[in-house]
Amino acid sequence: MQRRSRGINAGLILLLSQIFHVGISNIPPVTLATLVLNIWFFLNPLKPLFESCLSVEKCYQQKDWQRLLLSPLHHADDWHLYFNMASMLWKGIHLERRLGSRWFAYVIVTFSLLTGVLYLFLEFALAEFLDEPDFRRNCAVGFSGVLFALKVLNNHYCPGGFANILGFPVPNRLACVPNRLACWAELLAIHFLSPGTSFAGHLAGILVGLMYTHGPLKKIMKKCAGIFSSNMHYPGQQYHVNNSGYSRYQDSYQYGWAAYSEETPRNYDAYTAGLSEEEQLERALRASLWDRVS
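Counting starts from 1 at the beginning of each chain's written sequence and moves along it residue by residue. Reporting of local features is limited, given that this is a predicted model, to residues whose pLDDT is at least 70; pairs of side-chain atoms are given and counted only at 80 or more, and all residues count toward the totals for whole chains, interfaces and linings. Side-chain metrics in this entry use all non-hydrogen atoms of the structure; hydrogen atoms and water are not considered.

Going by the annotation in an unreviewed UniProt entry, the name recorded for the chain is Rhomboid-related protein 4, with Mustela putorius furo given as the source organism. UniProt positions are given in the numbering used here, feature names are shortened, and annotations may be inferred rather than shown by experiment. UniProt annotates the chain under Catalytic activity (unreviewed entry) with the comment "Cleaves type-1 transmembrane domains using a catalytic dyad composed of serine and histidine that are contributed by different transmembrane domains."

And the structure:
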């Protein structure tokens, strides 16, 4: 694991310009906090990368479990940070508005820990199955495993439209893959274009996302939320707009989280130029990302 280079951080400057282009006030709070936290730890790392990265040897054999918390928040260089956080910006805006801020924060924390645990399991299994001890020493760092899990959620809740490939939104008709396969396409694309990235870390993220959308993870999280918030009461409803063209009112009583919903037709007269607030924000974000590509 190499130390990040000193000097002008072009990736960081580009990321900040993209955030300000979208508008800080247009970014949901948990998404914004995640961006700020990752930028902060890039500029002020708690530990050097070789003491923060995740490996079987360091975590399991040497019992250094704090790496499960440190590794997602540290990045190898400014471009590593840029691609991860540009992707987080895009996914966070959609998912946080869909799920609600408190549940989205819960998802981020849970996915961060589970992705790390599953990564360790995959590397340990490869080392045992292939009788190759180097897999135990593979050390991964960065938020990309969590992003692959969020990509599975985004494709599940918002099918169609755009697939996010290498941090940039690509229309599905150009990506040439069904939306549900976009995460697998990006997994292969990243490791074809950049062989040094952690295949096991990204695969772990996809598996965690599938455990949430098609497995028991979501139910387990709801049960845990019910246990910890059984004595808490959050009256009222939460309003947000989703991609289906309906306004959604979410009841916040059970578990203290957004749990139930009731859909009513969206009133388009309340929006400027016939576009919803989310559609205007989405258009601005797409324009920003494509401007950087071109």
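Draft legend 1. Local environment of the packing of helix H2 (residues 29-43) against helix H5 (residues 78-99). Between N-to-C directions, angles cover 0 to 180 degrees, with each direction set by a line fitted to C-alpha atoms, over the stretch in contact for helices. Runs of E in the DSSP output that reach at least two residues are strands. Runs of H or I that reach at least four are helices, and both are numbered from the N terminus. Remark: H2 packs on H5, axes separated minimally by 9 Å, with the N-to-C direction vectors making an angle of 170°. Compared by their axis directions, H2 and H5 come out roughly antiparallel. Each of Pro 29, Val 30, Thr 31, Thr 34, Leu 35, Asn 38, Ile 39 and Phe 42 in H2 lies in contact with H5, whose residues at this interface are Asp 78, Leu 81, Met 85, Met 88, Leu 89, Gly 92, Ile 93 and Glu 96. When residues are grouped by polarity, Ala, Val, Leu, Ile, Met, Phe, Trp, Tyr, Cys and Pro land in nonpolar, Asp, Glu, Lys and Arg in charged, and all others, Gly among them, in polar. Class assignment for the residues of the contact of H2 with H5 results in 10 nonpolar, 4 polar and 2 charged. Every angle not falling under 35 degrees, over 145, or within 65 to 115 is termed oblique; those three ranges are roughly parallel, roughly antiparallel and roughly perpendicular. By definition in these notes, contact holds between two residues if any of their heavy atoms fall within 4.5 Å.

Draft legend 2. Layout of unusual backbone geometry. With a phi close to 60°, Lys 63 is a non-glycine residue in the positive phi region. Within the secondary structure, Lys 63 is located in the loop between helix H3 (56-61) and helix H4 (67-70). According to the relative accessible area criterion, Lys 63 is exposed, its value standing at 53%. The residue Asp 131 is not glycine, and still its phi comes out positive at about 55°. When accessible area is computed with a 1.4 Å probe and restricted to protein chains, residues below 20% of their type maximum are described as buried, those above 50% as exposed, and intermediate ones as partly exposed. When its relative accessible area of 65% is taken as the criterion, Asp 131 is described as exposed.

Draft legend 3. Region of the structure containing the confidence of the model for the chain. Taken as a whole, the chain shows an average pLDDT of 75; of its residues, 62% reach a score of 70 or greater. The element-level mean pLDDT for the chain is lowest in strand E4 (residues 246-251), coming to 34, with H2 highest at 96. Per-residue confidence from the predictor is given as pLDDT, running between 0 and 100. Here residues 172-177 scores under 50 on pLDDT; set against residues more than four positions off or in separate chains, the count is 10 contacts. Across residues 230-275 the pLDDT falls below 50, and counting only partners more than four positions away or on other chains, this stretch makes 99 contacts in the model.

Draft legend 4. Up close: the nonpolar core. Residues Met 88, Phe 111, Leu 150 and Tyr 212 are the most contacted members of the largest nonpolar core, which totals 50 residues. Of all the elements in the fold, those that place two or more residues in this core are helix H1 (10-22), H2, H3, H5, helix H6 (101-129), helix H8 (144-157), helix H11 (199-213) and helix H12 (217-228). Take the buried residues of types Ala, Val, Leu, Ile, Met, Phe, Trp, Tyr and Cys, join any two whose side-chain atoms come within 4.5 Å, and each joined set is a nonpolar core.

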